[in-house]
Amino acid sequence: MNILYFTKSKKYTCKALEYMLKKHTVVGVVCKTRQIMLGTEMEKICKENGIEVFDNKELYRRIEENSMPDIDLAISNTFGRLIKPSFIDYVNGNCINLHGAILPDYKGLFTYNHGLMNEEKQWGVTAHYVNEKFDEGEIIDIRKFSMDSKTISVQRLEEETQKKAYELTIDLLERWSTEGRLPSYPQPLGGKYYSKEDFETAKKILSTDSSDEVIKKIHAFWCPPYEGAYIEIDGVHFQLLSPEGNFDDK
C-alpha cells in the first residue's frame, strides 16, 4: 500500500513512520516547511530510506503538474495546516487525520491547553477523514483515556495523546490493508473550534481573576520554551510561575 505521511518530527510520529516502512511503501513525507525538518530524527529516517520530503508548496505544485506518485492512503498527524481540496480529490478522499483531542468537543489549535483549563477528566485522539474544513470530517474512531487535569502537564498530556495516536495509526493501517476504505459517521453537532486568538486570550491573567484561576492558567499554559500565562503591563508581557516553580509531572 502506497502511503503519503503529513507530519512533523515527534517521538511517536517517527515510530509510526518506521512501522509504515516495515509494512508498506511510503511515497513521501509532507511537512509545513523544509526548515522544521532539518536535523530531526524524521529527516534522518527519510534519508536512510530514500523517502522524498515535500514541503506544502511543493506538494500542490506536483499535484498541478500531475507528477505525484500513486497514493492509496494519506495519513496526517501534527501537520498543522489545512489540507486543500485539490489533494483530497487527488486521493479520492482517502486522507485520514489523527486529531489530538476528542471530536467534536475540541476542534482547532492548542486543544491540550484548553482541555486543562476546562478541567476535563478524559482525553483522547480522533481519527477522521479530512474534508475542506479543519477537524470537521467524518469520524472513523476515537481512543480515550482518563486524566487528572489538575496534575498532568501539557507535555505529558501531549505524550499520552501521541502514544494513543500511534497505536490508532497502526490499527487503521492494518484494517485498511484488509478491509479497504473504513466506515465513518458524521460528527455530532456541538463542540468548539479553538483559534490562536482564543489561546492568546485565555492565557492572559486579568485583574479580576481569582488566585485559583491564576494558578489554573499557569498550569494549563506552562509549556517551555513557549510563553505561558502572563500579565501585561505597558504592553510588556511578564510570564508567571506557580508557587511550586513549574508543573513537571511528579
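Residues numbered from 1 in each chain as written. Predicted model: local features only at pLDDT ≥ 70, side-chain atom pairs only at ≥ 80, totals over all residues. Heavy atoms only, no water.

A. Spatial organisation of the sheet that holds strand 4 (residues 73–77). Pairing within the open sheet is mixed, and its 7 strands lie in the order 3-2-1-4-5-7-8. Of all strands in the sheet, those with a lone pairing partner are strand 3 (53–55) and strand 8 (139–146), marking the two edges. The sheet shows a mean angle of 20° between the axes of neighbouring strands, taken without regard to direction. Looking at chain direction, strand 7 (residues 122–129) and strand 8 are connected through 7 bridges and run antiparallel. Following the sheet pairing, Q122 is matched in strand 8 by S146. Contacts from helix 1 (residues 11–23) reach strand 1 (2–7), strand 2 (25–31) and strand 4, with the element oriented near 170° to strand 1. (Pairing = 2+ DSSP bridges. Helix = DSSP H or I, 4+ residues; strand = E, 2+ residues; numbered from the N terminus. Axes fitted to C-alpha atoms, helices over the stretch in contact; angles between N-to-C directions. Contact = heavy atoms within 4.5 Å.)

B. Quick peek at the packing of aromatic side chains. All told, the structure shown has 10 aromatic pairs when counted by the stated rule. Ring centres of Y112 and W123 lie 6.5 Å apart, and the angle between their planes is 50°; on these two criteria the pair is classed as tilted. Taken together, the positions of Y112 in helix 5 (residues 111–117) and W123 in strand 7 put the pair 11 residues apart, joining distant regions of the chain. For the pair Y112 and W123, one class covers both residues: buried. Through a chain of ring-to-ring contacts, the aromatic side chains of Y106, Y112, W123 and Y194 assemble into a single cluster. The aromatic ring of Y60 is capped on one face by K84, whose charged end is 4.8 Å from the ring centroid. (Phe/Tyr/Trp six-rings, centres within 6.5 Å; stacked < 30°, edge-to-face > 60°. Buried < 20%, exposed > 50% of the residue type's maximum accessible area, 1.4 Å probe, protein only. Lys NZ or Arg CZ within 6 Å of the ring centre and 35° of its normal.)

Without other data, these values stay purely geometric and don't point to any function.
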